[in-house]
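Observations on chain architecture
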Amino acid sequence: QSAIEGLEQDIASAILNAGDEAGLEEIRISALGKKGSVSDLLKSLGAMSPDERKVMGPAINGLRDRVQGLLSHRKAALKTAALEARLATETVDVTLPVREAAAETGRVHPIAQVMEELTAIFADMGFSVAEGPDIEDDFHNFTALNFPPGHPAREMHDTFFLPPGADGQRKVLRTHTSPVQVRTMQAKKPPIRVICPGRTYRCDSDQTHTPMFHQVEGLVIDKGAHLGHLKWILEEFCKSFFEVEGVKMRFRPSFFPFTEPSMEVDIQCDRSRPGEIRFGEGNDWLEILGCGMVHPNVLRNCGLDPDEYQGFAWGMGIDRIAMLKYGMSDLRAFFEADVRWLSHYG
Ligand SMILES: CNC(=O)COc1cccc(Nc2cc(Cl)ccn2)c1
């Protein structure tokens, strides 16, 4: 009996002094494991006389139960203590100042910004946005637009050709967004007022031309549409986009297969200060777009009668305008997706 009490004292003090769950587990094994001190006592019951067992049985089983109870209480206490210790060190202090968030927020790409701005300006004048496929067929990209069969623009040095489509048609990456206007004239009954922003592709890329760039074209088809309407629309666009009231514009004769007459438009600017350009002042000129009355052949190719409907159209490169607006020197920076560069804009 006294041996049992002695053993219980030893085990109990060991349990209470256990520093962590690992230590406690070792005590449990030394007491209740296969070769444990309490387990040995339980095994010794087998060799006792019935009278002896009647006394020792309850004593030893009681010891085992009390040791199990002490172990589970100590284990719970150690778990709680460990959790409190973690809570004490890992608390998040929500009152700390916010970390520099600039790195995480996104930016709208300058080209996307310019696209949105252009679309909004023309939307205010009653234009809707039309979109179309980047991969076009020969008809929509060239033939419908009055490009003669042997025209150089159709050659490989200018145009990306893709394997012919299932319909046997020659496929190209569109070299302008005019095909979208062709599709619109085929699909919609006039009056038509659309702008067609989007990606265009040319394979004569060099350090000032990237193989993919962005254009926005505009088209008006109506009865009696004339150059006076075109002039007004382009002046309103320039005033809004270049943010100058009295912007001077110059219309120069030019040539495009799909317009007759064709013109190129410059706006007045001042580039006397290096690396800087100002619009609406100075006596320098900057070409910003091409335009003209839609060629009658194009109207006919799109199923319209030139004696019933007339129209005018224009087209401009977006990348260069964006560069001017954001004072950028290198077109390639647009397409390198360098987040640090982007963070300067927007
Ligand atoms: C970058 N683009 C430029 O320098 C000049 O673009 C231009 C000029 C004149 C007209 C057009 N578009 C057009 C479209 C149809 Cl469906 C019919 C007639 N014309 C695009």
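Residues numbered from 1 in each chain as written. Predicted model: local features only at pLDDT ≥ 70, side-chain atom pairs only at ≥ 80, totals over all residues. Heavy atoms only, no water.

Here the focus is the overall build of the chain. When its secondary structure is counted, the chain shows 11 helices and 11 strands. Expressed as a percentage of the 346 residues in the chain, the buried residues total 41%. Expressed as a percentage of contacts within the chain between residues at least 6 apart in sequence, the contacts between residues at least 24 apart total 63%. Of the roughly 19,200 Å² of accessible surface on the chain, a fraction of 56% belongs to carbon and sulfur atoms. (Helix = DSSP H or I, 4+ residues; strand = E, 2+ residues; numbered from the N terminus. Buried < 20%, exposed > 50% of the residue type's maximum accessible area, 1.4 Å probe, protein only. Contact = heavy atoms within 4.5 Å. Areas by Shrake-Rupley, 256 points an atom, 1.4 Å probe, with all protein chains shown as cover.)

A separate point is the environment of D204. Mapped onto the elements, D204 comes out in the loop between β5 (192–201) and β6 (212–222). Between the C-alpha atoms of D204 and H157, which are 47 residues apart in sequence, the distance is 6.1 Å. In this structure D204 touches H157, D158 and H209, once residues within four positions along its chain are discounted.

This paragraph deals with the pattern of salt bridges. For side chains bearing opposite charge, pairing can occur when the charged atoms are close. For the coordinates displayed, the defined rule picks out 25 salt bridges. Its salt-bridge partner being E21, residue K79 comes within 3.6 Å of it at the nearest N-O pair. Linking K79 in helix α4 (residues 50–90) with E21 in helix α2 (residues 21–32), this pair joins segments that are 58 residues apart in sequence. Ionic pairing is found between R252 and E287, a salt bridge with its closest N-O pair at 3.9 Å. Pair noted here: R252 is in strand β7 (residues 249–256) and E287 is in strand β10 (residues 284–294), with a separation of 35 residues, a long-range link. Judged by its relative accessible area of 24%, R252 is partly exposed. A network of salt bridges, in which partner residues are shared, links R250, R252, E264, D266 and E287. (Salt bridge = Lys/Arg side-chain N within 4 Å of Asp/Glu carboxyl O.)

Around the ligand, the structure places 16 residues, and the nearest of them are Q181, Q215, E217, F258 and G290. In this structure, E217 approaches the ligand through a side-chain N or O atom, which is 2.8 Å from a nitrogen atom. The protein chains hide 90% of the 490 Å² of surface that the ligand would expose on its own. Using a 2 Å cut-off from the grid points, one finds that the ligand occupies the largest pocket. (Near = heavy atom within 4 Å. Polar contact = N/O pair within 3.5 Å; in protein donor to acceptor, adjacent residues only side chain to side chain. 1 Å grid on protein atoms, 1.4 Å probe; cavity = no way out; pocket = protein on both sides within 12 Å on 5 of 7 lines; lining within 4 Å. Sits in = over half its atoms within 2 Å of the grid points.)

Considering soluble globular proteins, one finds that nonpolar side chains tend to be buried as a cluster. Core analysis: the biggest nonpolar cluster contains 46 residues, and F237 and W314 have the highest contact counts within it. By size, the runner-up hydrophobic cluster in this structure holds 24 residues, among which are A130, F147, I192 and A313. (Core = buried A, V, L, I, M, F, W, Y, C linked by side-chain atoms within 4.5 Å.)

What follows covers the packing of helix α1 (residues 2–17) against α4. At a minimum axis separation of 10 Å, α1 and α4 run at an interaxial angle of 5°. By the criterion of interaxial angle, the relationship of α1 to α4 is roughly parallel. Here I4, L7, E8, I11, A12, I15 and L16 of α1 come into contact with α4, specifically with M56, A59, I60, L63, R66, V67, L70, L71 and R74. Looking at the contact of α1 with α4 residue by residue, the class counts come to 13 nonpolar, no polar and 3 charged. (Axes fitted to C-alpha atoms, helices over the stretch in contact; angles between N-to-C directions. Parallel < 35°, antiparallel > 145°, perpendicular 65-115°, else oblique. Nonpolar A, V, L, I, M, F, W, Y, C, P; charged D, E, K, R; others polar.)

We now examine the environment of L7. Position of L7 among the secondary structure elements: in helix α1. For L7 and S37, which are 30 residues apart along the polypeptide, the C-alpha to C-alpha distance reads 8.3 Å. Those residues in contact with L7 that sit more than four places away from it in its chain are S37, L41 and L63.

Attention now moves to the side chain of K171. Considering the arrangement of structural elements, one finds K171 in strand β4 (residues 171–173). Exposure remark for K171: the relative accessible area of 19% places this residue in the buried category. Filtering out sequence-adjacent residues up to four positions away, K171 remains in contact with I135, E136, D137, F160, F161, L162, P163, P164 and G165.

What follows concerns helix α7 (residues 178–187). For α7, a buried count of 7 out of 10 residues is recorded, marking the element as mostly surrounded by other parts of the structure. S178, P179, V180, Q181, V182, T184 and M185 are the residues of α7 that are buried. Packed against the buried residues of α7 are β2 (135–137), α6 (138–141), β5, β6 and α9 (296–301).

With respect to the helices and strands, the residue E217 is situated in strand β6. A distance of 2.8 Å separates polar atoms of two side chains, one belonging to E217 and the other to S178. Discounting residues that sit within four places of it in the chain, E217 has contacts with H176, T177, S178, Q181, V194, I195, C196, W314 and G315.

This part covers α1. Here α1 contains 16 residues, and its C-alpha end-to-end distance of 23 Å stays within 8% of the 22 Å for a straight helix at 1.5 Å per residue. Where α1 is buried, its residues meet α2, α3 (37–44) and α4. (Expected span 1.5 Å × (residues − 1).)

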